[in-house]
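Single-letter residue listing:
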Amino acid sequence: MSSTTLDPSRSGAHAGDAPAGGISGTSTGPGPSFFRVLNSEFIKFRTLLSTLILLGCTVLVMVGFGALSAWGTGQFAEAAATDPEAAAAFASQGGDLAVGVPTSGIAFAQLILGSLGVLLMSSEFTTGMARSTFAAVPKRIPAYAAKLLVVMVTAFVLTAASVYLAGLVSLPILENYNLKLDLTSSQSVKLLLVNSLYVAAVAAIGMALGSLIRNSAGGIMSLVGLFFVAPIAFQLIPGDFFVEARKYLPGNTVEPMTAVQHVPDTLEAWQAALVLGAWVVIPVVLAAVLLKKRDV
């Protein structure tokens, strides 16, 4: 009858296969560098058909509303030449309405790019891609920061290019009514830069809402409520509190920052900039903290 004996040397060899420290052998390591994560997020961003459609719609809306606003401003100026009441209304507007023509579509641009910010983050959870993303980037914050950087830079560049293109399209229309628009003037450049930064801020807020709510419809509706419904509601509800609080809504911060002179019943330009910054920083930081703590 034969017996089986264990070879200590073979047993030791197999035992030695386990790394010293046991569980430390399962460490995820530092993960990919931020620039690799950023490149990955940019590839995902630019290869989605829905993203390209929304970006194209933003350009079309900005240019279309710029042309429409140029025509409307020309009609208004033409009426002011023969109608004393229209002339008085034109004078009360400051006389130089042409300078604001290229940015007349900003309200729609902020809605589209803000919604894009929501979808950029909420779609990660609704499609289950978040599991793959955060498996590749276990620390989560680098992926979140990369998405934020991609959407903010895209929103800024696209808005600036759309405003300038809208200005170019508006020039011949305004010239037909003997109205001048200088796209290189200090006020035109100020309007372009401030509005581009504003839309980038809206996109960041949208992405924070998408991360917090994790639902595309809920995030977009929250964005619409904050930027479109709340200002109207605060204006309709009587009371000094709502009159004062309305100044601190994010959608009412861009006018004080772009006005040539201080507009009555609005914040100072530096106050408006701080308020808008707070509206961006608080939800973005809160979303980052909860993203780190919550399950995917």
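Up top you'll find the structure we're talking about.
Residues numbered from 1 in each chain as written. Predicted model: local features only at pLDDT ≥ 70, side-chain atom pairs only at ≥ 80, totals over all residues. Heavy atoms only, no water.

The next thing to look at is the packing of helix α8 (residues 186–213) against helix α12 (residues 269–293). Contact geometry of α8 with α12 gives a least axis separation of 9 Å together with a crossing angle of 30°. Our classification of the angle between α8 and α12 gives roughly parallel. Handedness of the α8/α12 crossing: left-handed. Contacts between α8 and α12 pair Tyr198, Ala201, Ala204, Ile205, Ala208, Ser211 and Leu212 from the former with Leu276, Trp279, Val280, Pro283, Val284, Leu286, Ala287, Leu290 and Leu291 from the latter. (Axes fitted to C-alpha atoms, helices over the stretch in contact; angles between N-to-C directions. Helix = DSSP H or I, 4+ residues; strand = E, 2+ residues; numbered from the N terminus. Parallel < 35°, antiparallel > 145°, perpendicular 65-115°, else oblique. Left-handed = near helix turned anticlockwise from the far one by under 90°. Contact = heavy atoms within 4.5 Å.)

Under the defined criterion, the tally for this structure stands at four aromatic pairs. A centroid spacing of 4.5 Å and a plane angle of 25° characterise the contact between Phe65 and Phe108, whose relative ring orientation is stacked. Pair noted here: Phe65 is in helix α3 (residues 49–80) and Phe108 is in helix α5 (residues 106–126), with a separation of 43 residues, a long-range link. Residue class for Phe65 comes out partly exposed when judged on its relative accessible area of 32%. Taken together, the ring pairs connect Phe234, Phe241 and Phe242 into an aromatic cluster. The ring of Phe134 carries Arg140 above its face, with NZ or CZ at 5.2 Å from the centroid. (Phe/Tyr/Trp six-rings, centres within 6.5 Å; stacked < 30°, edge-to-face > 60°. Buried < 20%, exposed > 50% of the residue type's maximum accessible area, 1.4 Å probe, protein only. Lys NZ or Arg CZ within 6 Å of the ring centre and 35° of its normal.)

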